[in-house]
Structure formats: structure tokens, C-alpha cells
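If you want the building blocks of each chain, they are given just below.
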Amino acid sequence: MSRRTLAPFGRRRATVREARGIGAYDLLACENPGPAPRPGQFYMLAAAERWGGGAAERPFLPRALSHLRAPGDDLHFLLEDVGPGTRRLAELHPGHELWLTGPLGRGFGPPGEGRRPLLVGGGIGVAPLAAWQDDLGATTGGTCTLLLGFRDAAHAAAAALLRDPLVATDDGSVGHPGVVTELLVAELERDSGAVVYACGPPPMLEAVRAICAERGAPAQLAMESGMACGYGACFGCVVPTREGYVRLCVEGPVLDAGSLESALVMGAGH
Amino acid sequence: MSAPARASRARGSSHGPAPDGRTSFCGLELAHPIVNGSGTFDAIAARRTFGDALLTEFPFAAFVSKTVTVEPRQGNPPPRLWEQPGGMLNSIGLPNRGLRGFLEHDLPALAELPVPLVVNVMGFTREEVATLVGGFAEREEVAALELNVSCPNVETGLVMGADPGETAALLARVRPLTTKPLIVKLTPNASAPGSVAEAAESAGADAVSLVNTLRGMAAHPRSGGPWLGGVTGGLSGPAIRTVALAAVRDVARRVTIPVVGMGGVGSGGDADDLLRAGATLVGVGTESFRDPAAGTRIAAELAGLREKESTVRG
């Protein structure tokens, strides 16, 4: 199965179908104006109105978001209002329009023979794991373990978007009190034949990378970096790897953990 | 220098494209006047993302490569980007495979594009620029060369494009090496881009392009230190549009060679402004980050404006 669905050339207009709050997050659903994406791929999103375009305002550049799911003719995105771009996207209502470029990048790869998929998500990073969990269930038929970490109960509300998660919260209000990587260590001690798929904040991804490296478990990390274009034009989203800098938008956003010295990416989340 | 290229030095081309959009530039016949700014579109990476649709829907009338240097470069440490009102700062640091790597890996792929190829080169000494110009002089895949003169000459300490004497000396060294059109990319960070443009023309340049990005710096929101890994960066986007328009007008009035105007172009109207200020071609850069097909849209909007104009004039 290819890890990359080619995108139609240029951005496409898409009408918002649904926008609702899920705890501390927002779910944004719109029509899909292109082909079905692979899990772990991403889109560049901008509201069609009040998004730069000459006025002296931010946001100006589109924002990179992996899809949560792509059911039927729709695309679902999970948002967290952390800056001017995500705030503007969170203001959209059904009938409003978006600009979408995508699907972009290279998504998750198959687990390999006999390896049990172990999915680890942190905060807003749980989004691409939903599509991947669905896909793994459909293609392998087997079950995969899903570990999700959140700050608190309001953020942990997003866990309901995925199937059968084990949840950890920093404040202990839901599930395991502590960080999700403690659950990961316990799982790997129980079954060392796992392949880990992770998405979350850089410190979490770095912890996952180090834990997996120590135990010899292969891991694929869906990463984030400040990105202007999403298709290799701006060279802005590079992350350091053992082979030098790579553009996350064309070589990633899913990278093999083994290719990284560190998953602590500079400049993410601006 | 080929005969058609010499003929194109006539002042007539500065009034913009023919009614059907076709544009002559340094002996090249282009379908429309919209090209990309160097370093703002990677056609090889875009083909991996969009497939062959990139070739059938190619957004530019000519393609300008990223800057090629003699030695390979990794580029600057991240973060490399900063969004600001009306634009962005970048500190990319000219990552590229170097001359040998470009000739081996990039040039064959870029030769498959359906439009003429302009290769942008930069050296840290005049001899390095000479090596690069010489390296492309006999390559028939290359239609023209653009000289990035926005960096300091490590031997003199002067930015090659910020001092008319430096620019003239550079042209004197590389002009004899090729008959291909040479475009000098001017920096707006020079005190007098018009004087540099005149020096370039006198020393044999076939065209000038401007503006490159404006130098800027962003403070880290928490530490207060520099945000960008390269400390300072180049500002682009709508924020520099009026700066570019003034610079293009000044330069176009002082030279008779064609001018490639760029800086913050996001619409056909913006392109039209630069053409009316004296540009022959218009470069699109940052807007392509917002929409990969921006070049196609801007060329269509420009054609629409010209059609409307000819209808009004009867």
C-alpha cells in the first residue's frame, strides 16, 4: 500500500459541513475536494475569507493539519486554538469555505510481518492515529493497542473519537495519572514484538523515540514543524536526521524514529 | 550572445505582454509574463506531491531554479520561518546539492519541465561564480542564468550586488564565459539598486531581476533572542509589495535591458502594477506557498485585465 496519495495540483475550495467542540478541541468537517488520503498524510488549510491576502493581518500562511478521518466524501480535522491560524479555523461554521491543498506528504507504513501495532498519541497529536487505527483494523483485521495522553479531562474528551484507548492525564483526572510514555514502557515490557506509531508534542515524541531505541522496537513518528507551503517549495520545515536536514512535508510527516538523533524539533507550533 | 537576445534589448518590451499574453524576454518566447522567484518553488518536490499534473498544469512561463553553489550546502539550522503581518521571514540558507550534484540529479529532472529553465547561481568569490557560469555555459537544457549577488564576496567583504564596482567586476569576469542571457538579481538591501543595475548593464548583463527579500529579524516570543536559526532572514509577501514597486520603477528608468519585477505579488493587479512600472516579466514567490497554482491564477487575472482594457479602448 502506497504511503502517499498524489494531490490535485493547486488548492481547492471546500465547504464546511460541521463544526463542533469536543472538550478543549474543535472538530471541523468539510467536503473532500480530492482523492482519499492515506493515514498520516496532511493538508494545508486556510479559511477562504479573512486570511491574509494583502491585508496587514495574520494568519497569512495556510496551516498544516493531518486529517482525523476521511469518511465518505468528507474530511475531518481536529483543531486546538493555539494561535491566530487555528483560532480562525475554529471560528468556521457550516456553509463557510476553506482552501485545502492536499493530501500531502508521506503517511504511516505497514507494521511488518508478525509485529503488533502500538499507537501512542499525545494531545492534538491523537488526530492522525484515528485514521490509522481504522486502516489497520480494516487491513490486518487484528487489534492494536492505543495509548493516549492528555493534559486534563477537557482535553481527554478527544479520546472518545478513537476506539478502545488507554488514557493517561497529567493531572490524573482521567485514567492513568501521569504521562502516556509510562503506559508505553509497560506495554513494551509486556510485548517486545510491537511496532510503535506515535504523534504528539516534541517532548513526547522524543521520549517515545528514546524508549523504543533502548528496547529495539521500531517506531514511526508523525512529526510537526513550522511549514509555509506543505509541498517542498519553501524549505522551511526541515528537521535534522542522521542523513542531514530533510523537509518534513515531502519526506514526512511520518519519519522512522531510527533516522533521528532527536525528535525535539525546533520551531513547531508557532 | 545570440542575435535574438541582442534584439530584445530594445526598449519596446518594457510595455508588457502582447494582447495574447505572449512575452519576449532575452530571446525567449514565453506564453505569459509570470515566472517564479528563485527558491520559492521546487519543481522536483512538487512532482512527487502532485504527480504529472504538475507538468500539464505548470504555473509558470519559465522556471527559475533554487540557487546553486559550487559546494553542497545543508542550509541554516531551524527554525527557518516566521509568519508576520502581511508576509513572512525566511532563513533557509540556500540548501542545494552543489554544482556536481545539481548537474547529475536536478538538471535532468528540471529539463522535463514544459517551460524554459533559468538556473540561479551564487558564489562566495568571483572565481566561484565563474566556475558556476562555466559549468552551465554549454548545457542546452539551460535557457538563461541568473546571478544571485546578495552575498558578500569573501575576498573583498563587499556584497557583490550592493556595490556597483563589485557588480561590474563580477560581470567582467563571467560575461565572456557564456553566450546565454545573464540576469543579475538585485538586492533591495543595497543603498542604490539603480546604480548597481546600471553597472550590471554596462558590464554586459542581459536583464536584471528585483527585488530579493528584505533583511529582517524576529524575536523569540519567550526568550526575546533571535527566533530564526540563522538569526536574520529575508522578508517577503504583501508587506514588501510597495517597496518592490518603487525599486522596479527606479531601476527600469535607468536601464534599457529588461527587468524581472517581483516582491509581494499575489494577484493579476499586482503583476500589472509591476509591468506598468517597467517590468517585462513578473516573479511570484510567497503567494505560491499559499497556493501551488498561484502562477496560473495570476497569469489568468492579468490576461483578464488586459482584455478588459482593450475592450474599453475599443
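A brief report on the enclosed structure follows. (Residues numbered from 1 in each chain as written. Chains lettered and ligands numbered in written order. Predicted model: local features only at pLDDT ≥ 70, side-chain atom pairs only at ≥ 80, totals over all residues.)

1. Comments concerning the overall build of chain B
In step 1: Scanning chain B from N- to C-terminus turns up 11 helices and 14 strands.
In step 2: Here the C-alpha atoms of chain B give a radius of gyration of 18 Å, agreeing with the 20 Å that 2.2 N^0.38 yields for 314 residues.
In step 3: Viewed in the frame of its principal axes, chain B has a C-alpha envelope of about 60 × 45 × 40 Å.
In step 4: Counting across all 314 residues of chain B, residues that qualify as buried make up 55%. (Helix = DSSP H or I, 4+ residues; strand = E, 2+ residues; numbered from the N terminus. Rg over C-alpha atoms; globule rule 2.2 N^0.38 Å. Buried ≥ 20, exposed ≤ 12 C-beta atoms within 10 Å, placed from the backbone.)

2. Points about the packing of helix α6 (residues 164-174) of chain B against helix α7 (residues 193-202) of chain B
Residues and elements named next belong to chain B.
In step 1: Their axes nearest at 8 Å, the elements α6 and α7 cross at an angle of 20°. Relative to α7, α6 is oriented roughly parallel. Between α6 and α7 the crossing geometry is right-handed. Between α6, through P164, T167, A168 and L171, and α7, the contact on the second element is made entirely by S195, V196, A199, A200 and S202.
In step 2: Grouping the constituent residues of the contact of α6 with α7 by class yields six nonpolar, three polar and no charged. (Axes fitted to C-alpha atoms, helices over the stretch in contact; angles between N-to-C directions. Parallel < 35°, antiparallel > 145°, perpendicular 65-115°, else oblique. Left-handed = near helix turned anticlockwise from the far one by under 90°. Contact = placed C-beta atoms within 7 Å. Nonpolar A, V, L, I, M, F, W, Y, C, P; charged D, E, K, R; others polar.)

3. Structural notes on helix α4 (residues 180-190) of chain A
All names here are of chain A.
In step 1: Those residues of α4 not exposed but buried are V180, T181, L183 and L184. When α4 is viewed along its axis, its buried side chains cluster within an angular range of 150° and face the same direction. Residues of α4 that are exposed and angled more than 90 degrees away from the buried face: A186, E189 and R190.
In step 2: Of the surrounding secondary structure, the elements contacted by the buried residues of α4 are β7 (116-122), β8 (145-150), β9 (165-169), β10 (176-177) and α5 (202-215). (Arc of directions from axis to C-beta.)

4. What about the environment of P176(B)?
In step 1: Within the secondary structure, P176(B) sits in the loop between α6 and β9 (182-185).
In step 2: For the pair P176(B) and V133(B), spaced 43 residues apart in the sequence, the C-alpha separation amounts to 9.9 Å.

5. Thoughts on unusual backbone geometry
In step 1: That bond from G252(A) to P253(A) is cis: its omega, 10°, falls within 30 degrees of zero.
In step 2: Tracing the backbone through its elements, the reader meets P253(A) in the loop between α6 (248-251) and β15 (254-256).
In step 3: Backbone torsion omega between L210(B) and V211(B) reads 10°, so that peptide bond is classified as cis.
In step 4: Summarising the element assignment, V211(B) is placed in the loop between β10 (207-210) and β11 (214-216).
In step 5: Unlike most non-glycine residues, D164(A) shows phi in positive territory, near 50°.
In step 6: Along the chain, the position of D164(A) falls in the loop between α3 (153-156) and β9.
In step 7: Taking the number of C-beta atoms within 10 Å as the measure of exposure, D164(A) has 10 and is therefore exposed.

6. Quick look at helix α8 (residues 241-254) of chain B
Helical geometry note: an α-helix holds 3.6 residues per turn, so side chains three or four residues apart project in the same direction.
Residues and elements named next belong to chain B.
In step 1: Between its first and last C-alpha atoms α8 spans 20 Å; for 14 residues at 1.5 Å apiece the expected length is 20 Å, and the two agree.
In step 2: Taken together, the buried positions of α8 are occupied by R241, A244, L245, A247, V248, V251 and A252.
In step 3: Tucked into the core, α8 has its buried residues touching α7, β10, β13 (259-262) and α9 (268-276). (Expected span 1.5 Å × (residues − 1).)

7. Quick notes on the packing of α4(A) against α5(A)
The axes of two packed helices give the description: the angle between them and the distance between them.
All names here are of chain A.
In step 1: For the pair α4 and α5, interaxial distance at closest approach is 10 Å and the crossing angle is 15°. If you check the angle between α4 and α5, you find them roughly parallel. Handedness of the crossing formed by α4 with α5: right-handed. Where α4 abuts α5, its residues V180, T181, L184, V185 and L188 lie against M204, A207, V208, I211 and R215.
In step 2: When the residues that make up the contact of α4 with α5 are grouped by side-chain class, the tally is eight nonpolar, one polar and one charged.

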